[in-house]
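Single-letter residue listing:
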Amino acid sequence: MSTLAYAAYHHYPPYNVLLGASSSPRNFKLSTSCCCSLSNDPQNRIVLGCGGVFLDFLATVDSYPNPDDKIRTTTFKVQGGGNTGNAMTCAARLGLKPRIISKIADDTQGKAMLEEFEADSVDTTFFVVANGGISPSSYVIVDSQTKTRTSISTFGSPPLVPDDLPRSSLLSALDGARVVYFDGLLHETALVVAREVYPLSHSTSDPTNFFTITRARVLAARQNIPMLVDAESKGEGMDDLLKLAKYAAWTETSSISNALVSMLLKLPTLKFVIVTLGEHGCIMLERSSIDNPQTEKDIDTLLESLNQKKDNSVATPVCFSSSVTKIRAKGIGTVNGRLFVGTAEKIPPSELIDTTGAGDAFIGAVLYAICANMPAEKMLPFACQVAAICCRGLGARTTLPLHADPRLAAKHVIFDASEEKLEYNDEGLDETVPKC
């Protein structure tokens, strides 16, 4: 499970959370559309990622070994990995122009990673390359029987620190960016980057406050770029990132549904939160600008009503949404918004190879959706479809789809409270968007 936060929080282990407009469980109606269809082409395709990149050594085995076992691999591959590296590669293949802030060493592994990024048109200008040291790497064991994978990671040395990135380089990396993505690693540098783009509206008159001290700097920097944060694990510095976020996720409550409401209440800058649930799809809560919705609903009741609309006979991703309402979490509070439930693609067992990087692919698709101003009803099925395509090959990048992939033009269903008819749309990604 992992969580996604737009503008300041993003991934938590078993799920992803996205904020969306709230809904009412009554008078639901169906409408459909291709999740990949874009109402607007991305005018600004530049996205910046700050976080981890790894070189993955992937080994497929018939079954996970017991202690002291000696077994053979059935497949072996060496490929780039890491949350930021994978998400930016996915974004590039979908037609965006990603940049990465990270650190590697000048060893064989580091050079291999740079070559792979450059082959996918990912901008590596802002990488810090250490003389000597060790580049980050992971050993990934994929169990063919259980369809699970085990990852053993070695972090790079020396680590990236803020002093490695001159402010002139940071401003160049941010120049023209539509979205900045953080995966929760490299927290010290991530906070420096996040504070550079933090909206001026959050500064105060307190002369001891960090944001007051940096007011002139923020003005000069002309920033105010939305941030997407991956909250897969609540590591050091994550709380500070969340306070600056526009999109986020949380797991520190008694339930996923309560976590969604809690995040929007505690983090007022968030626009939406998404929680990914693997084969069970995703849930999204989006804040609404409507001040006084006429209805108030308990979030657990609302979520259950949406889950009941699922049809197990539909293999492609589907999105169910509610209308805008006051969404209440018992003992936590209420928030005006809209709730969305997205289903995952039902992948035939013979086609499911490896789930490594599926969450990163989901994130890469969300980045594309944000740049294209894609509505949540289309964004969620689109991201689930991209993630499912990723699972059909060994490693996080082997089967990441290109912009023109025909599988991104599959039919998808959107369940919406404002429509009474079921329609299908075969449109795919707009052909005017440059392909990789």
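Relevant structure appears above.
All of the points below concern the structure found in this document. Because the structure is a prediction, the values reported are computed rather than measured.

Check the secondary structure of the protein chain and you find eleven helices and 19 strands. Expressed as a percentage of its 436 residues, the buried residues of the protein chain come to 56%. In the protein chain, once contacts between residues fewer than 6 apart in sequence are set aside, the share between residues at least 24 apart is 76%. When the accessible surface of the protein chain is summed, it comes to about 17,900 Å², and 50% of that surface belongs to carbon and sulfur atoms.

With burial as the criterion, each face of strand E12 (residues 227-230) is covered, one bearing Met227 and Val229 and the other bearing Leu228 and Asp230. Both strand E11 (residues 179-182) and E12 contribute to a ladder of three bridges, which runs parallel. What sits directly across from Val180, in E12, is Met227.

In this section: unusual backbone geometry. Peptide bonds are mostly trans, and most non-glycine residues show a negative phi. The residue after Ser157, namely Pro158, is reached through a cis peptide bond having omega -5°. You can see Pro158 is positioned in the loop between strand E10 (148-154) and helix H3 (167-174). Notably, Asp68 is not glycine yet its phi reads approximately 70°, a positive angle. Relative to the elements of secondary structure, Asp68 occurs in the loop between strand E5 (54-61) and strand E6 (75-81). Phi angles above zero are rare outside glycine, and Asn373 is one such case at about 55°. Positionally, Asn373 belongs in the loop between helix H10 (358-371) and helix H11 (376-390). Owing to a relative accessible area of 48%, Asn373 belongs among the partly exposed residues under this scheme.

Judged by pairing direction, the sheet is mixed, and its four strands sit side by side in the order E6-E5-E9-E10 without closing on themselves. Only two strands of the sheet have a single neighbouring strand rather than two, namely E6 and E10. Within the sheet, the average angular offset between the axes of one strand and its neighbour, ignoring direction, is 20°. Bridge analysis of E5 against E6 gives seven bridges, and the strand direction is antiparallel. If you follow Leu55 over to E6, its bridge partner there is Gly80. Along the sheet, helix H2 (residues 108-119) contacts E5, E6 and strand E9 (137-143); its crossing angle with E5, the most-contacted strand, is approximately 90°.

The N-to-C vectors of H3 and helix H4 (residues 187-197) enclose an angle of 60°; their axes lie 11 Å apart at closest approach. Between H3 and H4, the angle falls in the class oblique. Between H3 and H4 lies a crossing of right-handed hand. In this structure, H3 contributes Arg167, Leu170, Leu171 and Leu174 to the contact, and H4 contributes Val192, Val193, Glu196 and Val197. Considering only residue class, the contact of H3 with H4 consists of six nonpolar, no polar and two charged.

Along the chain, Val261 turns up in helix H8 (residues 256-266). On the basis of relative accessible area, Val261 is assigned to the buried category, the value being 0%. Taking the C-alpha atoms as reference points, Val261 and Arg287, separated by 26 residues in sequence, lie 9.6 Å from one another.

What follows is about the pairing of E9. In terms of residue burial, E9 counts as a mostly covered element, since five of its seven residues are buried. Sheet topology note: the E5/E9 ladder contains seven bridges and is parallel. Across the sheet, residue Ala59 finds its bridge partner in E9, namely Ile141. Strand direction decides the pairing type here: E9 and E10, joined by seven bridges, are antiparallel. In the sheet register, Ser137 faces E10, and the bridge partner there is Thr154.

The next thing to look at is the pattern of salt bridges. One pass over the structure, following the stated rule, counts nine salt bridges. When the shortest N-O distance is used, the salt bridge between Arg93 and Asp120 registers 3.0 Å. Remark: Asp120 occurs in the loop between H2 and strand E8 (127-130) and Arg93 occurs in helix H1 (residues 83-94); sequence separation between them is 27 residues. For the residue pair Arg93 and Asp120, the accessibility class agrees, reading buried in each case. Salt-bridge contacts for Arg338 lead to Glu377; the nearest nitrogen and oxygen are separated by 2.5 Å. With Arg338 in strand E18 (residues 333-342) and Glu377 in helix H11, the pair connects residues that are 39 residues apart, well separated along the chain. In this pair, the class of Arg338 matches that of Glu377, namely buried. Each member of the salt-bridge network shares a partner with another, and the members are Glu345, Glu351 and Arg392.

Thresholds, definitions, all that
In this convention, every chain numbers its residues from 1, walking through the sequence in written order. It should be noted that, the model being predicted, local features are given only for residues of pLDDT at least 70 and side-chain atom pairs only at 80 or more, the latter also being counted only at that level, while totals for whole chains, interfaces and linings use all residues. In computing side-chain properties, one takes all heavy atoms of the structure into account and sets aside hydrogens as well as water. A run of H or I in DSSP becomes a helix once it reaches four residues, and a run of E becomes a strand once it reaches two; helices and strands are each numbered from the N terminus. Relative accessibility thresholds used throughout: buried, under 20% of the residue-type maximum; exposed, over 50%; partly exposed, between the two (1.4 Å probe, protein chains only). Any two residues whose heavy atoms approach within 4.5 Å at even a single point are treated as in contact. Each accessible area is a Shrake-Rupley estimate made with a 1.4 Å probe; only the visible protein chains count as cover when residues are assessed. Two strands qualify as a pair provided that DSSP identifies no fewer than 2 bridges between them. Note on geometry: axes are C-alpha line fits, over the in-contact stretch for helices, and angles between N-to-C directions span 0 to 180 degrees. Should an angle fall under 35 degrees it is taken as roughly parallel, and over 145 as roughly antiparallel, whereas 65 to 115 is taken as roughly perpendicular and any remaining angle as oblique. By definition, turning the near helix anticlockwise from the far helix through less than a right angle yields a left-handed crossing, and turning it clockwise yields a right-handed one. Any residue that is not Ala, Val, Leu, Ile, Met, Phe, Trp, Tyr, Cys, Pro, Asp, Glu, Lys or Arg is counted as polar, Gly included; the first ten are nonpolar and the last four charged. Throughout this description, the term salt bridge denotes a Lys or Arg side-chain nitrogen within 4 Å of a carboxyl oxygen of Asp or Glu.

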